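Coordinates in review
Residue strings, one per chain:
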Amino acid sequence: MSLSSSGTISFVALAIGVLMVLASHLLSSQSKGGIHNLTGIPILAAWDFYTKRYDFLRKHFDSGKKYFQFHILQVFNMSVFFPRTTQLTASILEHRVIALSGEDARKLFFSEQGLDLDDGYRLLQGGIPSLGDIDVKDGEVKLDTDFMKRLLLLLHKDRISNVLLDDINRKMKYWGKEGTIDPFQDVYGLAVQMTVRMATCEELAKNQEDIKHLMQHYQDIDESATPVNVLLPWFPSQARKAQGKATRALFTLLQKYVDLRRKAAVPSSDPIDTLIAHGDTDESIVGASMGIIFAGVINTGRNMCWVLLNLGANPEWKVKVANELKALVANHTNTLSQEPFHKRLAAVPLNAWEEELPMLDLVIRETLRITMCFAVLRRNLGRGIPLAGSTINRGDFVTYSLADVHMNPNIYTNPGKFDPGRFMKGKEEDKKAPFAYAAWGAGRHPCPGMRFAKLEIKFVLALFLVGYEFELVDGNGKFPREFPTVDRNDLHQLSAVGETCYLKFKRLIE
Ligand code: HEM
């Protein structure tokens, strides 16, 4: 629906338009085919979808609806986009969102060609830094598999493990020889450091003040993803202003380093230099670095913390993983050398990190099965897709909760229990159904950062499990009686609910 008029009349017309759309929803309650139609005021359904997404989806699926749909109204004031016009033009975009569950839906969701990932997240999630929001052209970079492959080649260049292990060791030394750390602060900081190193250049990776500012800008953008900001993009809310300010600051900060590298007398093999050599513009280099840091930091950082918490809570797995890491060190490094431990670790070849840590691979896999229970999002940019006697039309949004499969007791026995053994030969519960494991994405959108993320987690665990002894403690320094769990309604941070736990540590080797 599109409305056009001038001055205050346009706002009256806009209000009438919104009311007409609302009324049409209050009156119509038919379900289309097998897709149940949620009735009521669209903004209220949308509100719960943005604020308590896991509970909202679960409530409707638990009440027996396999597929259901609701509508989101997005209101644009076009005069914001064409400021010189005397004519105020407002548009109401009504989006249909279809929530899916079950095996057939999962196959469709991950396999259909027309279902676009970027568009899905942009409207239904928000909080994604985009240079388009501050009118920087050419900065919208698609972090597709080819692009990521190009970047991940750097893993094999210049002994990247050496650089990353140096970085982590330097930060870990700040913790002191013994003490207590909050993993969500201190361990998370290690992932930030490695991702910045991987996405930008040496100068930024060494500037802790700028890294602090950088992460603050991401946090501000994340916090600006309020339903009002996403659904009323023209409204000059505090969140909208904060989003613009943080995106501009992010752009300026990263551009400073692109400029620095362009002017450098000798090119390096850092990511920014690689993109400069490839002929990319400043805007697209900033866009790429910004996107990789966004895609990489939170998932890797938070899951790294959850892996450590799970090991702390499950000592038998901690011992298995520590023994395996000690064997890796013994097999690939000179144990008689006087070099610091992290320097020795850099001698381990990348393929050994990837192939010789099967227990740790199981622990990471199980940790992610439990943490990655969020709703994945798509928009149909292709042909109409038949579903349950109805159609997912071009322009419709679809969502599928990973909890539907990761917490499914018909696939995973006692799904709430941490049990890495469920993936071992003979059990292989993740092979019971198509796309039964999607923590790294599945089908058309596998995570291109998986190899890098796994390496980051393994580097940190090697330094921490071999170089330190640690135990999980509560606020009183005792082994916790209850362990924290993931807040499934937290759309962005995989944060913990329940008792806060810490890691009490002692450094054993230098
Ligand atoms: C533990 C760490 C990580 C986890 C669990 C993870 C998980 C995922 C998942 C589940 C998806 C698919 C989302 C969907 O289907 O809607 C995805 C996509 C993606 N991930 Fe990761 N990821 C991690 C780390 C990284 C890192 C380090 C990078 C970059 C360096 C990265 C870059 C991306 C990109 C660019 C996509 C979108 C791919 C596309 O458009 O097809 N991820 N990731």
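Residues numbered from 1 in each chain as written. Predicted model: local features only at pLDDT ≥ 70, side-chain atom pairs only at ≥ 80, totals over all residues.

**Quick word on the packing of helix α15 (residues 315-332) against helix α20 (residues 450-467)**
To be explicit about the condition: Only the stretch in contact is used when fitting a helix axis, every axis being a line fitted to C-alpha atoms; angles between N-to-C directions are given from 0 to 180 degrees. Think of it this way: any DSSP run of H or I at least four residues long counts as a helix, any run of E at least two long counts as a strand, and we number them from the N terminus. Orientation is classified from the angle alone, with under 35 degrees giving roughly parallel, over 145 giving roughly antiparallel, 65 to 115 giving roughly perpendicular, and any other angle giving oblique. Contact between residues is assigned whenever the C-beta positions, reconstructed from backbone atoms, fall within 7 Å. Residues are grouped as follows: nonpolar covers Ala, Val, Leu, Ile, Met, Phe, Trp, Tyr, Cys and Pro; charged covers Asp, Glu, Lys and Arg; every other residue, Gly included, is treated as polar.
Where α15 meets α20, the closest approach of the two axes is 9 Å, and the angle between their N-to-C directions is 100 degrees. As summarised for this structure, α15 and α20 are arranged roughly perpendicular, according to the angle between their axes. Contacts between α15 and α20 pair V321, A322, L325, K326 and V329 from the former with L461, A462, L465 and V466 from the latter. Residue composition of the contact of α15 with α20, grouped by class: 8 nonpolar, no polar and 1 charged.

**Remarks on the UniProt feature "binding site: heme" (unreviewed entry) in the protein**
The line we're drawing: UniProt positions are given in the numbering used here, feature names are shortened, and annotations may be inferred rather than shown by experiment.
As recorded in UniProt, the feature "binding site: heme" (unreviewed entry) lies at C447. Assignment of secondary structure puts C447 in the loop between α19 (403-406) and α20. Not counting residues within four places of it along the chain, the set of residues in contact with C447 comprises W440 and G441.

**Side note on the packing of helix α8 (residues 183-199) against helix α14 (residues 282-313)**
Our working definition: By the definition used in this description, the sense in which the near helix is turned from the far one sets the handedness, with an anticlockwise turn below a right angle giving left-handed and a clockwise turn giving right-handed.
Where α8 meets α14, the closest approach of the two axes is 8 Å, and the angle between their N-to-C directions is 145 degrees. When the axes of α8 and α14 are compared, the crossing they make is right-handed. Two secondary-structure elements touch here, α8 through P183, F184, V187, Y188, A191, V192, T195, V196 and A199 and α14 through S289, I292, I293, G296, V297, T300, G301, R302, M304, C305, L308 and L309. For the contact of α8 with α14, the class distribution of residues is 15 nonpolar, 5 polar and 1 charged.

**A few points about the site of the ligand**
For the record, the criterion: Proximity of a residue to a molecule or strand is defined by its backbone-placed C-beta atom lying within 6 Å of that partner.
Surrounding the ligand, one finds 20 residues, the nearest of these being G296, N299, G441, C447 and G449. Broken down by secondary-structure element, the contributors of at least two residues to the shell around the ligand are α14 and α20. Ranked by residue count, the leading element in the shell around the ligand is α14, at 6 residues. Here the shell around the ligand is built from residues that sort into 13 nonpolar, 7 polar and no charged.

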